[in-house]
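# Structure assessment
Residues per chain are reported as follows:
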Amino acid sequence: MIWRWQRPPRNPNPEIIEAPVIIAEGFELGGKLTLNRPAIVNGRLRGYIQSTAHVSLGPTAVIHGDISARSVTVAGTVIGNVTAEESIHLETGARVTGDLTAPAISISPGADFEGDCNMAAPLASPAAPPVPPQPSDTPTT
Amino acid sequence: MLARSPHDRSTENPLMHTTDSQGTKNLLTIRGDHAKIEGKFQIADSIEIQCEVGGELDVGGKLVIGDRGVVRADVRTVDAVIMGVYEGNMIATGDVEIASTGRVMGNIKTDSLVINKGGFFNGNVSKIKDTPEAAAAAPAARPAASAEKKEESAQEGENKEKEKELAIPKLQRP
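What you see is a predicted model; the values in this text were computed from it and never measured.

## Quick word on the overall build of chain A
Across its full length, chain A carries zero helices and 13 strands. Going from N to C terminus, chain A has its helices and strands arranged as β-β-β-β-β-β-β-β-β-β-β-β-β. The 141 residues of chain A split such that 31% are buried. When contacts within chain A are restricted to residue pairs at least 6 apart in sequence, long-range pairs at least 24 apart make up 4% of them.

In structure tokens, the structure reads:
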């Protein structure tokens, strides 16, 4: 028998390693999920997720509802809007139908996305208010 | 390799050129830092744009908007790689990739979109597959349903008429 060393999966976000799985695969939950620590969702949720930390949706996750978090990684299915303060990443196999809003959004090859993509920083002012025109034609004297 | 000029950078990126079976580059490039061209362009093959282009583009292959390219046009293409700036409405039957330097403002109709980290995109993404099927299926379903309803209503009407025919003679009797 050959013992084969398996390389541990490379995790781009180290804080996810400590993140608990909030809804495990095969479980379904309805309602609002409020989180303040990084979390992984692998099950089904009908409702919405509000988090001040990172939310990772596994390949088996199916979310019917909106997600609002600091940063979101999606590998499963989301039918709803995703808003993040920092970043949204759609991994290969992700299926998102809804609007994405974040300063940084990346979509991997093989991810399926349909909706609006809004990368304007949500907290920053979208545009400087127009400067009122100076009365240049009035006499300076 | 080390003495490659900055203008030769297109050869470093495999996306920047297409090669035929003999390995020679065959990508038409429009280049010019201060050039601005506008109009309706029909390109049978692939094209790389390194200047400012406006109007309408119909590309039969891959559209590459280089990092110095600015395209403000409605585009129909197969594949697209955006490393520069793109504004407008794009329909791509193949793959669309927004590179890390790419900035896109507009709507993209494609079944395959990739946004690399750092890439900027403001706009809407819609599927090509859904729309023709939905467009074909929805009117097909609705007339069928309405036709059934019509048939039903026609049958009801016929029944009513029969009833009327049965009823009217009685009423019309002097």
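Next, the rest of the story.
## Brief notes about the interface of chain A and chain B
In this assembly, 13 residues from chain A lie in contact with 13 residues from chain B. Those elements that place two or more of their residues in the side of chain A that touches chain B are β12 (104-107) and β13 (112-118) of chain A. No other element matches β13(A), which puts six residues into the side of chain A that touches chain B. Partitioning the side of chain A that touches chain B into residue classes produces seven nonpolar, four polar and two charged. Pairing of β13(A) with strand β10 (residues 120-126) of chain B, which is carried by three bridges, proceeds in the antiparallel orientation. When the bridges of β10(B) are listed, A:Asp116 appears paired with B:Asn124.

## With respect to the confidence of the model for chain B
Residues and elements named next belong to chain B. Confidence along chain B averages 73 in pLDDT terms, with 59% of residues attaining 70 or more. Counting interchain partners and residues more than four positions distant, the pLDDT-below-50 stretch residues 1-24 has 17 contacts. Long-range and interchain partners of residues 133-154, a stretch whose pLDDT sits below 50, account for zero contacts in this model, where long-range means more than four residues apart.

## Observations concerning the confidence of the model for chain A
Residues at a pLDDT of 70 or more form 72% of chain A, whose mean pLDDT is 81. Ignoring residues within four places in sequence, the model shows residues 121-141 of chain A, a span with pLDDT below 50, making three contacts including any to other chains.

## Concerning the nonpolar core
The biggest cluster of nonpolar side chains holds 60 residues, and the ones touching the most others in it are A:Ile105 and B:Ile82. The element best represented in this core is strand β2 (residues 47-59) of chain B, accounting for five residues. Those residues in contact with B:Ile82, other than ones at most four positions away along the chain, are B:Ile65, B:Glu97, B:Ile98, B:Ala99, B:Gly102 and B:Val104.

Reading the values: rules and limits
Every residue gets a number counted from 1 within its own chain, in the order that chain's sequence is written. Chains and ligands are labelled sequentially in the order written, the chains with letters from A and the ligands with numbers from 1. Two thresholds apply to this predicted model, a pLDDT of at least 70 for residue-level local features and 80 or more for giving and counting side-chain atom pairs, whereas whole-chain, interface and lining totals are computed over all residues. The numbering of helices and of strands both runs from the N terminus, where a helix is a DSSP run of H or I of at least 4 residues and a strand a run of E of at least 2. Our exposure labels follow a C-beta count within 10 Å of each residue's own C-beta, placed from the backbone: buried means 20 or more other C-beta atoms, exposed means 12 or fewer, and partly exposed covers the counts in between. Placing a C-beta atom from the backbone of each residue, one calls two residues in contact when those atoms lie within 7 Å. In this classification, the charged set is Asp, Glu, Lys and Arg, the nonpolar set is Ala, Val, Leu, Ile, Met, Phe, Trp, Tyr, Cys and Pro, and all remaining amino acids, among them Gly, are polar. The pairing criterion for strands is at least two bridges between them, as found by DSSP. pLDDT expresses, on a scale from 0 to 100, how confident the predictor is about each individual residue. By definition, a nonpolar core groups buried Ala, Val, Leu, Ile, Met, Phe, Trp, Tyr and Cys residues that connect through C-beta atoms lying within 7 Å of each other.

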